[in-house]
Amino acid sequence: MIDNLFGSNPENSGLLVVGSLAALLGGHLVLSFILRSFTRDGDKSFGSVGDAASLLSNNDSVLGRDGVKQSIAEYEELFSGARNDVGTTSTADSIQNREKEYKTMVNSFYDLVTDFYEWGWGQGETFKESIYRAEHYLALRSNIKPTSKVLDVGCGVGGPMRNIHHFTGADITGVTINEYQVRVGNQYCALKGIDDKCRLTQGDFQKLPEKFEAGTFDAAYAIEATCHSPDRKVCFSGVNKCLKKGGLFVGYDWVVLPESGYDSKNPDHVRVKEGIEVGNGLPTLATPQEVIRALEESGFEVLDSFDANRNVHSDREIPWYQTLNGSFTLSGFRMTHFGRICTHSLVTALEFLRIAPKGSVRVSALLNATALDLVEGGREEIFTPSFFFLARKK
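This is a predicted model, so every value here is computed, not measured. The residue count restarts for each chain, going from 1 along the sequence in the order it is written. Two thresholds apply to this predicted model, a pLDDT of at least 70 for residue-level local features and 80 or more for giving and counting side-chain atom pairs, whereas whole-chain, interface and lining totals are computed over all residues. Remark: hydrogens and water are excluded; side-chain values derive from all non-hydrogen atoms of the structure.

(A) Up close: helix α15 (residues 360-379). Comment: elements are numbered from the N terminus, with helices defined as DSSP H or I runs of at least four residues and strands as E runs of at least two. Expected helix span is given by 1.5 Å per residue-to-residue step, counting one fewer step than there are residues. Given a rise of 1.5 Å per residue, 20 residues ought to cover 28 Å, and the 29 Å separating the end C-alpha atoms of α15 matches this to within 8%. When a residue's accessible area, from a 1.4 Å probe over protein chains only, is under 20% of the maximum for its type it is buried; when over 50% it is exposed; and in between it is partly exposed. With 16 of 20 residues buried, α15 lies mostly within the body of the structure. Positive backbone phi, approximately 60°, marks glutamate 381, located one or two places after α15.

So this is what it looks like as structure tokens:
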């Protein structure tokens, strides 16, 4: 996977050497600074170079230092052959194995990557205007009001939950399978003084009726979460049972786009698809038609659906994947190719110095390689992370 990040270009190799040397030197120069106690704030954590020492190793971590290496090894085993032998992870046996082990796969994935996500993107507020617009759109389309009780299906650390609450005043309960995200997310809610209206709870969104009584919520939303589901019909049926009659379910889902050119017989398209799956803990990417069918078979009437990025290459749009390309600004540098090399080099140095847990470099390489797959999928218009749907419980 590291080869996929840097390639065989001598210039890239040179950047790696320079970045590694700089990171090693910087590590020694600022070691005392780096080892200061890591604390979270209500807006953004991992805001400084020093905070990198706490990636995968802080007071909230659920993996012990020795657990990171084992967890990434077990995760990679579920995607054996990915990026080396195109088509291997798209076989029925490979997909069924991930569907069977989805709980372990998704939980391990977020144990490993949550800190890296916050390092690169923050809690969900780094690209404020576009993210607020997307999340507020869901709130408007699902008619969320100050009196609404709302379910966030697959809430992560709760960035969208807090944004939607501030926009609507609603009472929101988030469900995530990952205990680490629950710990972190509830800290953020408390720091913002909204823990009486927003809370995260650990649970499996494949088993929502075991968690909540029927008819508990007025509305529900899922933001780039149900792509982790091994069976969307089971997941959506659970959401349906938790909603009151006529309740609205709205969301964005990750899908491949046959109508825009995705071809399952094209090796390059399959390579990109499999790369996105291995780097994001997905059993397999669905199509828009499969998402709609799962909603309808789960007791919903689909009122609207479309690719929110359908004008991705319009002169009036900034491509959704542009953030993964980064920019040479204070806020965007980390996501540039060179910025990712620097981050990877820093993680390499920290693991070498035994500050970061063993296995951290493999997690960093996994995510960096996937950033390239996501950008290629967006450029070729064969993938979108924002297939919008609006459905009503019958």
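(B) Structural context of the packing of aromatic side chains. Two aromatic rings, drawn from Phe, Tyr or Trp (for Trp, its six-membered ring), form a pair once their centres lie within 6.5 Å of each other, and the interplanar angle then sorts them: stacked below 30 degrees, edge-to-face above 60, tilted otherwise. By the definition in use, this model includes twelve aromatic pairs. Relative to phenylalanine 383, the ring of tryptophan 254 lies with its centre 5.4 Å away and its plane at 75°, an arrangement referred to as edge-to-face. Linking tryptophan 254 in strand β5 (residues 243-256) with phenylalanine 383 in strand β7 (residues 383-393), this pair joins segments that are 129 residues apart in sequence. Overall, the relative accessible area of 2% leaves phenylalanine 383 in the buried class. Where phenylalanine 306 meets phenylalanine 388, the ring centres are 4.9 Å apart and the plane angle is 35°; that geometry is what we call tilted. Linking phenylalanine 306 in strand β6 (residues 300-307) with phenylalanine 388 in strand β7, this pair joins segments that are 82 residues apart in sequence. The exposure class of phenylalanine 388 is buried, given its relative accessible area of 0%. Among the aromatic residues, those joined into a cluster by ring pairs are Tyr137, Tyr252, Phe306 and Phe388.

(C) Broad picture of unusual backbone geometry. Positive phi values are uncommon outside glycine, yet arginine 83 reaches one of about 70°. With respect to the helices, strands and loops of the structure, arginine 83 is situated in the loop between α4 (67-77) and α5 (92-100). Backbone geometry at glutamate 224 places phi at a positive 50°, although glycine is not the residue there. As for its position among the elements, glutamate 224 is in the loop between β4 (217-223) and α10 (232-242).

(D) Region of interest: the sheet that holds strand β2 (residues 171-176). A pair of strands counts as paired when DSSP detects no fewer than two bridges linking them. Across the sheet, which stays open at both edges, the seven strands sit in the order β3-β2-β1-β4-β5-β7-β6 with mixed pairing between neighbours. Either end of the sheet is taken by a strand with one partner, and the two such strands are β3 (198-202) and β6. When the angles between neighbouring strand axes are averaged without regard to direction, this sheet yields 20°. Looking at chain direction, strand β1 (residues 149-153) and β2 are connected through five bridges and run parallel. Looking at the pairing, lysine 149 lines up with aspartate 171 of β2. The contact rule is simple, with two residues in contact once any of their heavy atoms fall within 4.5 Å. Note on geometry: axes are lines fitted to C-alpha atoms, helical ones only across the stretch in contact, with angles between N-to-C directions running from 0 to 180 degrees. Packed on one face of the sheet, helix α9 (residues 179-191) meets β2 and β3 and runs near 165° to β3.

(E) Main features of α10. Along α10, the residues that are buried comprise Arg232, Cys235, Phe236, Gly238, Val239, Asn240 and Cys242. N-capping of α10 is provided by aspartate 231, with a side-chain oxygen placed 3.1 Å from the backbone N of lysine 233. Pairing of N or O atoms within 3.5 Å defines a polar contact, subject to two protein rules: one partner must be a possible hydrogen donor and the other a possible acceptor, and residues neighboring in sequence count only if both atoms are side-chain atoms.

(F) Spotlight on the pairing of β1. Among the five residues of β1, four are classified as buried, and the element is accordingly described as predominantly covered. With helix α8 (residues 159-168) bridging β1 and the parallel β2, this β-α-β connection has right-handed handedness. As judged from the three bridges shared by β1 and β4, these two strands associate in the parallel manner. Across the sheet, leucine 151 pairs through a bridge with alanine 220, a residue of β4. Crossover handedness is defined here as right-handed if the route from the first strand over the helix to the second strand goes clockwise, with the strands pointing away from the viewer.

(G) Just the environment of glycine 185, in detail. Topologically, glycine 185 is positioned in helix α9. Along the backbone, glycine 185 and glycine 174 are eleven residues apart, and their C-alpha atoms lie at a distance of 9.5 Å. Contact partners of glycine 185, with chain neighbours within four places excluded, come to Val157, Arg162 and Leu200.

(H) Just the pattern of salt bridges, in detail. Any carboxyl oxygen of Asp or Glu within 4 Å of a side-chain nitrogen of Lys or Arg constitutes a salt bridge here. Enumeration over the complete set of coordinates arrives at ten salt bridges. Salt-bridge contacts for glutamate 76 lead to arginine 362; the nearest nitrogen and oxygen are separated by 2.7 Å. With a gap of 286 residues between them, glutamate 76 in helix α4 and arginine 362 in helix α15 connect regions that are remote in the sequence. Between aspartate 304 and arginine 141 there is a salt bridge whose closest N-O contact spans 3.2 Å. Residue aspartate 304 is located in strand β6, and its partner arginine 141 is located in helix α7 (residues 128-141); the two are separated by 163 residues in the primary sequence. Classification of arginine 141 by relative accessible area gives partly exposed; the value is 25%.

(I) Geometry of the packing of α4 against α15. Two numbers describe how α4 lies on α15: the axes approach to 8 Å, and their chain directions differ by 40°. In terms of axis orientation, α4 runs oblique to α15. On α15, the residues that touch Val68, Lys69, Ile72, Ala73, Tyr75 and Glu76 of α4 are Ser360, Arg362, Val363 and Leu366. Throughout this entry, Asp, Glu, Lys and Arg are counted as charged residues, while Ala, Val, Leu, Ile, Met, Phe, Trp, Tyr, Cys and Pro are counted as nonpolar. The remaining residues, Gly among them, count as polar. The class makeup of the residues in the contact of α4 with α15 is six nonpolar, one polar and three charged. Each angle gets one of four labels, with under 35 degrees taken as roughly parallel, over 145 as roughly antiparallel, 65 to 115 as roughly perpendicular, and the rest as oblique.

(J) Up close: the confidence of the model for the protein chain. Each residue carries a pLDDT score, the predictor's own confidence in it, on a scale running from 0 to 100. In the predicted model, the protein chain carries a mean pLDDT of 83, and 77% of its residues have values of at least 70. Confidence drops under pLDDT 50 across residues 28-36; counting only partners more than four residues distant or on other chains, this segment forms seven contacts.

(K) Local environment of the packing of helix α11 (residues 267-278) against α15. At their nearest, the axes of α11 and α15 sit 8 Å apart, and the two run at 140° to each other. With respect to each other, α11 and α15 are oriented oblique. Here the hand of the crossing between α11 and α15 comes out left-handed. Contacts from Arg271, Val272, Gly275, Ile276 and Val278 in α11 reach Leu366, Thr370, Asp373, Leu374, Glu376 and Gly377 in α15. Split into classes, the residues belonging to the contact of α11 with α15 amount to five nonpolar, three polar and three charged. For a crossing to be left-handed, the near helix must be turned anticlockwise from the far one by less than a right angle; the clockwise case is right-handed.

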